[in-house]
Amino acid sequence: MQTGEVVRRAAFNLLDRIHGGRLNRLKEVNKREILEGISQEYEDRRLKAILGFAKNHSEFYRGYAQAQRLEDFPVMNKSDYNQNFDRILCDEWQEGGKKTYRLSTSGSTGAPFTVLCDGDKMDRINMNFISCMELNGFRMGMKRGEFRVWIEGKNTISRWKSLKNNLLMIDISNMGEDSLAKICERIRRQKIQVLVSYSSALTALARYIREHQVDISRWDVEMIFSMGEALPDATFDLLTEIFGFSPVRSYGNNENGFIAIGLGDQKEYTVDLYNFYIEILKLDSDEPARPGELGRIVVTDYYNRAFPMIRYDTGDTGILEMTVDAAGRKHGIFREIYGRRGSLLYNCKGEPLSIHVFMNVLLNLEGIVHQAKCIQWEKKRYELLLNADRDRINEEEVVSSYRRYLGEEAVIDVTYVDEIPVQASGKRMVCENRCPDYQ
């Protein structure tokens with residue numbers, strides 16, 4: 001336990017007590033509700049509250065004054081929010097009103113997107129994050145290294161915020177061997193305790209540590225928190241082997257916060273039903289998906305009153321399982337999160353493929369294929385972008401490894417490239433769907 005960690009935790013607790021202990025209460029309730037589930041009464045009450053507030057305080061939602069059920073409200077995507085931004089923002093937070101906070105995404109898999117939230121929601125986002133971390137062993141004040149493409153003037157944080165939060169910016173715009181060597185040395189030298197990263201960066205880091213037999217015995221890392229795209233099972237297992245503990249899988253976004261979290265060695269995701277109501281809708285309509293069916297993840301945020309996010313189509317897809325325990329409390333588990341709809345590929349039979357498929361194929365080609373991206377152009381036509389060692393690659397073998405999942409009748413064109421760039425967010429997409437039939 002580091003001195004800086006202890007000092008920051010004590011400072012947080014002292015300041016929170018001075019202000020009535022509200023943040024700590026939020027955090028502890030959030031943790032309890034994730035573990036124990038919620039009552040039907042709580043769900044009904046929170047839905048009624050946010051729908052009623054929106055109808056009374058938002059110009060846009062006044063148009064749905066007669067709506068009684070959640071299903072009577074429209075499903076909204078990023079474009080819908082951008083087009084109706086000023087009308088959705090509630091009266092008290094219009095220009096010159098109450099203070100708002102910006103929640104922005106980079107637009108790495110679509111258009112850039114910013115929403116506003118009120119102070120209460122901002123507190124809940126922060127405590128939601130800490131709750132998800134603490135459920136997996138995090139201690140307030142631990143030194144975090146956050147892996148992102150940090151862009152000066154856009155997403156970088158001030159020295160004061162870095163010092164206050166014990167947060168170090170780890171830039172991953174370049175993940176070549178020299179950069180990875182410097183990252184490893186920085187983790188050791190600066191005694192970073194928690195790695196917070198997109199899974200593509202964790203995959204690269206784990207492979208580098210194994211290939212170069214990096215000595216981590218002098219590292220202080222106690223926790224690895226994976227965010228963004230799904231963490232491949234092979235990377236999950238490799239990180240567990242290297243560090244002696246399992247990485248944490250999470251699912252969420254900048255607009256709402258963390259929506260689901262892996263607990264302990266769990267590879268599924270436990271849903272935060274305390275903050276969110278989750279719907280799974282069919283891929284091609286706004287009808288509910290059948291239990292166990294892959295569908296679009298649609299979120300209603302209970303607590304953003306400045307900018308109500310009701311039936312927000314996140315652009316992600318997944319399979320959700322809802323259960324009720326003996327005490328009558330509801331629990332939600334994402335059995336699978338397939339990621340962005342634009343990165344959801346289908347085989348020749350029209351069946352969706354998990355992003356894990358493509359990540360695991362890459363891991364099996366380690367050392368020969370440095371980067372790869374599979375693009376679906378038509379129902380049975382694909383393009384494989386390869387950054388590879390062309391003197392050593394067996395192209396037929398690589399294509400066969402993809403055809404195993406895509407289907408024997410798949411037409412797979414190969415294009416060699418020097419680099420598949422990292423997205424602005426720090427994600428490197430391993431698949432992309434450009435087939436008009438699946439848009």
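A brief look at the structure comes next.

Cut-offs applied
All residue numbers refer to positions counted from 1 along the written sequence of the respective chain. Totals for whole chains, interfaces and linings use all residues, but because this is a predicted model, local features are given only for residues with pLDDT of at least 70 and pairs of side-chain atoms are given and counted only at 80 or more. Side-chain figures throughout are based on the complete set of non-hydrogen atoms in the structure, without hydrogens or water. In this description a helix means any DSSP run of H or I spanning at least four residues, a strand means any run of E spanning at least two, and both kinds are numbered starting from the N terminus. For every residue, the accessible area obtained with a 1.4 Å probe (protein chains only) is divided by the maximum for its type, and the residue is called buried under 20%, exposed over 50%, and partly exposed between those limits. Here, two residues are considered to be in contact whenever any of their heavy atoms come within 4.5 Å of each other. Here the accessible surface of atoms and residues is derived via Shrake-Rupley with a 1.4 Å probe, and residues count as covered only by protein chains that are part of the display. When charges are counted, Lys and Arg are positive and Asp and Glu negative, with His and the chain ends excluded. To locate a charge, the coordinates of NZ of Lys, CZ of Arg, CG of Asp or CD of Glu are taken. Aromatic contacts are taken between Phe, Tyr and Trp rings whose centres are within 6.5 Å, Trp giving its six-membered ring; a plane angle under 30 degrees counts as stacked, one over 60 as edge-to-face, and the others as tilted. Within this document, salt bridges are pairs made up of a side-chain nitrogen of Lys or Arg and a carboxyl oxygen of Asp or Glu, the two lying within 4 Å of each other. To estimate the expected span of a helix, count its residues, drop one, and scale the result by 1.5 Å. The directions from the helix axis to the C-beta atoms form the arc being described. Think of a patch as exposed residues, more than 30% relative accessible area, with no salt bridge, where like charges cluster within 9 Å and nonpolar side chains (Val, Leu, Ile, Met, Phe, Trp, Tyr) cluster within 5 Å. Only the stretch in contact is used when fitting a helix axis, every axis being a line fitted to C-alpha atoms; angles between N-to-C directions are given from 0 to 180 degrees. Note that the term roughly parallel is reserved for angles under 35 degrees, roughly antiparallel for angles over 145, roughly perpendicular for angles of 65 to 115, and oblique for everything else. Helix crossings are classified by the rotation of the near helix relative to the far one: an anticlockwise turn of less than a right angle makes the crossing left-handed, while a clockwise turn makes it right-handed. Three categories are distinguished: nonpolar for Ala, Val, Leu, Ile, Met, Phe, Trp, Tyr, Cys and Pro, charged for Asp, Glu, Lys and Arg, and polar for the others, with Gly belonging to the last. Think of a polar contact as two N or O atoms within 3.5 Å of one another; within protein, one of them needs to be a possible hydrogen donor and the other a possible acceptor, and neighboring residues in sequence only count if both atoms come from side chains.

1. A word on the overall build of the chain
Of the regular secondary structure elements, the chain holds 13 helices and 19 strands. Overall, the C-alpha framework of the chain stretches about 65 × 55 × 50 Å when taken along its three principal axes. Split into buried and exposed, the 439 residues of the chain put 54% on the buried side. The long-range share in the chain, meaning contacts at least 24 apart out of those at least 6 apart in sequence, stands at 64%. With the model as given, the accessible surface of the chain reaches about 20200 Å², and the carbon-plus-sulfur share is 47%. For the chain, the separation between the mean place of its 61 positive charges and that of its 65 negative charges on side chains is 6 Å.

2. Observations concerning the packing of aromatic side chains
All told, the structure shown has 19 aromatic pairs when counted by the stated rule. Between Tyr 81 and Tyr 312, the aromatic rings sit 5.6 Å apart at their centres with planes inclined by 70°, giving edge-to-face as the arrangement. Remark: Tyr 312 occurs in strand S12 (residues 312–324) and Tyr 81 occurs in helix H5 (residues 78–83); sequence separation between them is 231 residues. By relative accessible area, which is 0% here, Tyr 81 ends up buried. Since its relative accessible area comes to 0%, Tyr 312 is described here as buried.

3. Some remarks on the pattern of salt bridges
As enumerated under the stated definition, the model contains 33 salt bridges in all. The shortest N-O distance in the salt bridge between Glu 134 and Lys 31 comes to 2.8 Å. In this pair, Glu 134 sits in helix H7 (residues 119–134) while Lys 31 sits in helix H2 (residues 22–36), placing the two residues 103 residues apart along the sequence. For the pair Glu 134 and Lys 31, one class covers both residues: buried. For Glu 321, the salt bridge identified is with Arg 335, shortest N-O distance 3.0 Å.

4. Re helix H13 (residues 395–406)
Between the first and last C-alpha of H13 there are 16 Å, a value that for twelve residues agrees with the 16 Å anticipated at 1.5 Å per step. When we look at burial in H13, the residues that qualify are Val 398, Val 399, Tyr 402 and Leu 406. The arc that holds the buried residues of H13, viewed along the axis, is 95°, so those residues lie on one side. Exposed side chains of H13 directed beyond 90 degrees from the buried face belong to Glu 396, Glu 397 and Arg 404.

5. Let's talk about a nonpolar patch on the surface
Where nonpolar side chains cluster on the molecular surface, the patch consists of Leu 14, Leu 15 and Ile 18 and spans about 310 Å² of accessible area. Structurally, the position occupied by Ile 18 is in helix H1 (residues 3–18). For Ile 18, a relative accessible area of 59% corresponds to the exposed category.

6. Regarding the environment of Ile 368
Turning to its location among the elements, Ile 368 is positioned in the loop between helix H12 (355–364) and strand S16 (369–378). Sequence separation between Ile 368 and Asp 389 is 21 residues, and the spatial gap between their C-alpha atoms is 5.5 Å. Every residue in contact with Ile 368, bar those within four places of it in the chain, is listed here: Ala 388, Asp 389, Arg 392 and Ile 393.

7. What about unusual backbone geometry?
Trans is the prevailing form of peptide bonds, just as negative phi is the prevailing case for residues other than glycine. With phi around 50°, Gln 213 is a residue other than glycine that occupies positive phi space. In this structure, Gln 213 sits in the loop between helix H10 (199–211) and strand S6 (223–227). Judged by its relative accessible area of 70%, Gln 213 is exposed. The phi dihedral of Arg 311 is positive, around 55°, even though this residue is not glycine. Among the structural elements, Arg 311 can be located in the loop between strand S11 (295–301) and S12.

8. Quick look at the packing of H2 against H7
Geometry of a packed helix pair, given as the angle between the helix axes and the separation of the axes. Running from N to C, H2 and H7 point in directions that differ by 55°, and their axes come no closer than 8 Å. Comparing their axes, H7 and H2 come out oblique. For the pair H2 and H7, the crossing hand works out as right-handed. Here Arg 22, Leu 23, Leu 26, Lys 27, Glu 28, Asn 30, Lys 31 and Ile 34 of H2 come into contact with H7, specifically with Asp 120, Asp 123, Arg 124, Met 127, Asn 128, Ile 130, Ser 131, Cys 132 and Glu 134. Of the residues assigned to the contact of H2 with H7, the class counts are six nonpolar, three polar and eight charged.

9. Observations concerning the side chain of Asn 387
Structurally, the position occupied by Asn 387 is in strand S17 (residues 381–388). Polar contacts involving the side chain of Asn 387 include one to the main-chain carbonyl oxygen of Asp 418, which spans 3.3 Å. Setting aside residues no more than four positions away along its own chain, Asn 387 makes contact with Val 369, His 370, Gln 371, Val 417, Asp 418 and Glu 419.

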